[in-house]
Amino acid sequence: MDKNFPEESTQVIRFDPPLYKQRYQFVKDLVEKYRPKKVADLGCADCSLLWMLKFYSCIEVLAGLDICANVMKEKMHMLSPLPADYLQPSERSLTVTLHHGSVAHKDPCMLGFDLVTCLEVIEHLEESELKKFPEVVFGFMAPSIVVISTPNSDFNPLLSREMVYRHPDHKFEWSQAEFQSWALEAARCYDYSVEFTGVGQPPTGMEKVGFCTQIGVFVRKHPPTAESVQSEKPTEAVYKTVFKAVYPSLKDGKYLQNAVISEVVFTAQIIKHRLMSKREESGHDPERKSKFQPSMDSFSDYLGKLVVETNVDPFVRGHEVHVPLPTIFAFPKVNRLCGTFEKLCKLIAGKVPLSSDGSAVVFNIQHENEEN
């Protein structure tokens, strides 16, 4: 996809934000509206759009395809998980894959997507590739939604450029009528509806030339049947996978257990700290005890409510502080992570110091008292 002319070199019109950013924003708005789980970007180039989309919690699968492997490889590191992703795994799963290949070829790895984007790509295709493109994307891949953008040649006279096309690699640039004719025929053949819009507003009084970048949004009228997909499925992959990243997720048992253990210990530590602070503040002085006002501390208020609701109170026994598991489970994050009290007990068994009956997290405070 081009981050190309005219936003960098036009003498008459400049777009703010640049056209490529407007195209990205258009896709992001669609993602927010339709909440797709699987998204593929055809002609992903430097992976900028994929990088932006990986932050959307609805998306679980991202795939990129480009004819130039080197361009993808230069930037694909942006799609790798960061250390923070391992420290705080997301609740959703996310897999990102990049493929080297042509949009004129079919590969089973591109089946089953909800949204397919193809920004500033078709104008780079040779005539033979362009003929195959509709069958590959609409017939074989058959996603729920397809977004295709391409330059609008009606707008070109406003750009004051000497070149015939906006980019030297363009094989053609369609007028609004040409693009709409092609899009409507593709939609008719493969059972899609299509709406036309664009980005890059024309100057006031010249609205008839249309958007600088014209966009077609194709929506599949009926889901493809399993039989039709299977009949078209190639037996061999033709794309070469150049990158794959599987992000840490709480759907993975290993990461979920680590997150639960961490949250349980953290929550229990806070409760223990509040309990010990309260004991120290109240001491054996009734007057001082009466002056202690838990209502002044939001956490004390919240903990007090939990104790009442769970009917279990953290307590000190000798050199041990006992923090009941029901109280810990009542905290929203622990509850959300585990779902059930039984699952909480299972995940922390043998990983967190518990009382003999397994009903509470136990802290030995003898060493702390000796240090104090």
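Residues numbered from 1 in each chain as written. Predicted model: local features only at pLDDT ≥ 70, side-chain atom pairs only at ≥ 80, totals over all residues. Heavy atoms only, no water.

- Per an unreviewed UniProt entry, the protein is named Small RNA 2'-O-methyltransferase, and its organism is Thryothorus ludovicianus.
- For the record of the protein, the UniProt heading Cofactor (unreviewed entry) holds the text "Mg(2+)". (UniProt positions renumbered as here; feature names shortened; annotations may be inferred.)

## Quick notes on unusual backbone geometry
Inference 1: In this structure, the amide linkage connecting D16 to the following residue, P17, adopts the cis form with an omega of 5 degrees.
Inference 2: You can see P17 is positioned in the segment before α1 (19-34).
Inference 3: Although it is not a glycine, A45 sits at a positive phi angle of roughly 50 degrees.
Inference 4: The topology assignment puts A45 in the loop between β1 (38-42) and α2 (48-53).
Inference 5: In this structure, D191 is a non-glycine residue whose phi angle is positive, near 65 degrees. (Helix = DSSP H or I, 4+ residues; strand = E, 2+ residues; numbered from the N terminus.)

## With respect to α1
Inference 1: Helix length check: α1, at 16 residues, gives a terminal C-alpha distance of 23 Å against a target of 22 Å (1.5 Å per residue), a fit within 8%.
Inference 2: Looking only at α1, the buried set comprises L19, Y20, Q22, R23, Y24, F26, V27, K28, L30 and V31.
Inference 3: Lining the buried residues of α1 we find α2, β4 (115-119), β5 (145-151), β6 (192-199) and β7 (213-220). (Expected span 1.5 Å × (residues − 1). Buried < 20%, exposed > 50% of the residue type's maximum accessible area, 1.4 Å probe, protein only. Contact = heavy atoms within 4.5 Å.)

## Notes on the packing of aromatic side chains
Inference 1: A complete count under the given rule lists 14 aromatic pairs for this structure.
Inference 2: Here F329 and F341 contribute two aromatic rings whose centre-to-centre distance is 5.7 Å and whose plane-to-plane angle is 85 degrees, an arrangement assigned as edge-to-face. Of this pair, F329 sits in helix α11 (residues 325-329) while F341 sits in helix α13 (residues 341-348), and the two are twelve residues apart along the sequence.
Inference 3: Taken together, the aromatic side chains of F133, F172, W174, F179, W182 and F196 make up a single cluster linked through ring pairs.
Inference 4: For K38, the ring lying beneath its charged end belongs to F113, and the centroid distance is 5.0 Å.
Inference 5: In this arrangement the basic side chain of K272 is found over the ring face of F363, its NZ or CZ atom lying 5.1 Å from the centre. (Phe/Tyr/Trp six-rings, centres within 6.5 Å; stacked < 30°, edge-to-face > 60°. Lys NZ or Arg CZ within 6 Å of the ring centre and 35° of its normal.)

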